[in-house]
Amino acid sequence: MWLDATTRHVQPPPRYDDKVVAVFVHHTDSPNVYACADAPRIIRHLYAGQTGARQWDDIGYNFLVDRCGTIYEGRAGGVERAVTGAHTQGFNHRTAGIAAIGTFTAGTPVPQAMTDAIAALAAWKLGLAGVDPRAAVPLVSSNGLSRYKPGTTALLPAVAGHTDGFPTNCPGAALTVRLPAIRDAAARLQGRS
């Protein structure tokens, strides 16, 4: 568990959607060189920033993955449930946010253990709703800060990069180019040919 008594604060109950039909992959824009044992401390720092300066009620990401492939629950509410996150402006409903701990700009190595864990997590989370990770899914934009006007139905990858829904460089060029392989690996893990 990464959250401790010195970091935790009172927060409202989690909000839920009916299911998760897409995942958005992010990077945390934090250092890449860290001992994996330090990942909980890094996540606490991210939580403090998002609940402090940004005044969010919890960390925005549903999950975080470290360079060694360890998966952490982010936003509270239960990993098996469709918890509404705060990770992709306009597309937080019916989606989950998976954040790779690090910064993955062009030319930055992306650890295989990390992409394997992201693929496994996407396969499991999307599998709960019977979604093929290689599919495109319709998502409705909830606000005009996304790439789409409010109420617009966008056809986005079931395993999307943050940049697919919001004008940003996240999850970084190096991780973005790995998304097709992550989709394929997730589909294989679901038993799809």
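Residues numbered from 1 in each chain as written. Predicted model: local features only at pLDDT ≥ 70, side-chain atom pairs only at ≥ 80, totals over all residues. Heavy atoms only, no water.

A. Quick look at a nonpolar patch on the surface. Among the surface-exposed residues, V79, W124 and L128 lie close enough to one another that they form a single nonpolar patch of about 260 Å² accessible area. As for its placement among the helices and strands, L128 is situated in the loop between α2 (112-127) and β5 (136-140). (Patch = residues over 30% accessible without salt bridge, like charges linked within 9 Å, V, L, I, M, F, W, Y side chains within 5 Å. Areas by Shrake-Rupley, 256 points an atom, 1.4 Å probe, with all protein chains shown as cover. Salt bridge = Lys/Arg side-chain N within 4 Å of Asp/Glu carboxyl O. Helix = DSSP H or I, 4+ residues; strand = E, 2+ residues; numbered from the N terminus.)

B. A look at the state of the cysteines. Applying the stated criterion across every chain, the model contains one disulfide. Take C170: it sits in no disulfide, and the sulfur closest to it among the cysteines is that of C36, at 20 Å. On the basis of relative accessibility, which here comes to 8%, the residue C170 falls in the buried class. (Disulfide = S-S within 2.5 Å. Buried < 20%, exposed > 50% of the residue type's maximum accessible area, 1.4 Å probe, protein only.)

C. Highlighting the environment of L64. Tracing the backbone through its elements, the reader meets L64 in strand β2 (residues 63-65). Sequence separation of L64 and G172 is 108 residues, and the distance between their C-alpha atoms is 16 Å. Residues within four places of L64 in sequence aside, it is in contact with T28, I43, L46, I59, T70, I71, Y72, G74, A99 and I101. (Contact = heavy atoms within 4.5 Å.)

D. Up close: the sheet that holds strand β3 (residues 71-73). Taken together, the five strands give an open sheet; going across it, the order is β3-β2-β4-β1-β7, and neighbouring strands pair in mixed fashion. The sheet is open, and its two edges are formed by β3 and β7 (159-161), each paired on a single side. Put simply, the sheet's adjacent strands are angled 25 degrees from each other on average, direction ignored. Bridge count for strand β1 (residues 22-27) against β7 is three bridges, and the pairing is parallel. Residue V23 lies in a different strand from β7, and its bridge partner there is V159. (Pairing = 2+ DSSP bridges. Axes fitted to C-alpha atoms, helices over the stretch in contact; angles between N-to-C directions.)

E. Representation of the pattern of salt bridges within the structure. A full pass over the atoms with the stated rule returns six salt bridges. For D57, the salt bridge is made with R75, and the minimal N-O distance between the two is 2.7 Å. Here R75 lies in the loop between β3 and β4 (95-100) and D57 lies in the loop between α1 (39-51) and β2, a separation of 18 residues in the sequence. With a shortest N-O distance of 2.9 Å, D132 and R134 are connected by a salt bridge. Taking the relative accessible area as the measure of exposure, D132 reaches 18% and is therefore buried. Residue R134 is classed as partly exposed on the basis of its relative accessible area of 35%.

F. Region of the structure containing the environment of R183. Looking at the secondary structure, you find R183 in helix α5 (residues 179-189). Taking the relative accessible area as the measure of exposure, R183 reaches 16% and is therefore buried. Considering only alpha carbons, one finds R183 and G85, 98 residues apart in sequence, at a separation of 21 Å. Beyond its immediate chain neighbours, meaning those up to four positions away, R183 contacts P133, R134, P157, V159 and A160.

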